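# Understanding the architecture of this molecule
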Amino acid sequence: VCVPVSHLAQCVAETEEDFKKINLPCLICAHIADGNFHCNVPYQDDEKGLFKDAEKRLIQRTVRFGGAVSGEHGVGIGKRDHICLEHGETHINLQRSIKKALDPKFIMNPHKIFVMDDDNETKESIQSSL
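Residues numbered from 1 in each chain as written. Predicted model: local features only at pLDDT ≥ 70, side-chain atom pairs only at ≥ 80, totals over all residues. Heavy atoms only, no water.

## Remarks on the nonpolar core
V1, V3, L8, C11, F37, I83 and F114 are the most contacted members of the largest nonpolar core, which totals 15 residues. Broken down by secondary-structure element, the contributors of at least two residues to this core are helix 1 (5–21) and helix 2 (48–64). Per-element tally for this core: the top contributor is helix 1, with three residues. Listed in part, the seven residues of the second largest apolar core include I22, L24, V41 and A54. (Core = buried A, V, L, I, M, F, W, Y, C linked by side-chain atoms within 4.5 Å. Buried < 20%, exposed > 50% of the residue type's maximum accessible area, 1.4 Å probe, protein only. Helix = DSSP H or I, 4+ residues; strand = E, 2+ residues; numbered from the N terminus.)

Written as structure tokens, this is what we have:
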């Protein structure tokens, strides 16, 4: 994630505390000067729900601080389910419309950034993996 530097210390501290409360280790790697930090969280299969809930709280915290759910690496698969929180449904629907106009067969980098409204197979696959 990436947050304004003025909120970085508070966001990192709250994130560390959040993971500490649920007993999951959170290894933070960062390029602190620009507000980017990455949480590497090793977890067991039976802890996936705990991790996903904490990840959701991290994303919400990031947006609350005026940050971006995806720093320098782009959205990709890992953050695509969270971009509406940051940008809003209207903005994402506009992006989907542009994608449909430029890539009507959905062959350029499919299933990245966001799920298309008419891509039910991918939506179902994503929901079952969450």
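## Side note on the confidence of the model for the chain
Looking at the chain as a whole, its pLDDT mean stands at 85, while 85% of the residues score no less than 70. Of all the helices and strands in the chain, helix 6 (residues 120–129) carries the lowest mean pLDDT, 49, while helix 1 carries the highest, 96. (pLDDT = per-residue confidence, 0-100.)

## Examining the pairing of strand 1 (residues 27–31)
In this structure, strand 1 lies alongside strand 2 (residues 36–40), joined through five bridges in antiparallel fashion. Its bridge partner lying in strand 2, L27 is registered against N40. Count of turn residues in the strand 1/strand 2 antiparallel hairpin: four residues, of which G35 carries a positive phi of about 90 degrees. (Pairing = 2+ DSSP bridges.)

## Re helix 5 (residues 89–102)
The end-to-end C-alpha separation of helix 5 is 20 Å, in line with the 20 Å expected for 14 residues at 1.5 Å each. Where helix 5 is buried, its residues contact helix 4 (83–87). (Expected span 1.5 Å × (residues − 1). Contact = heavy atoms within 4.5 Å.)

## Quick word on helix 2
Here helix 2 spans 24 Å end to end across 17 residues, near enough to the 24 Å set by a 1.5 Å rise per residue. Buried residues of helix 2: F51, A54, E55, L58, I59, R61 and T62, and no others. Taken end-on, helix 2 shows its buried residues confined to a sector of 160 degrees, consistent with a single buried face. One or two positions beyond helix 2, positive phi appears at G66, with a value near 80 degrees. (Arc of directions from axis to C-beta.)

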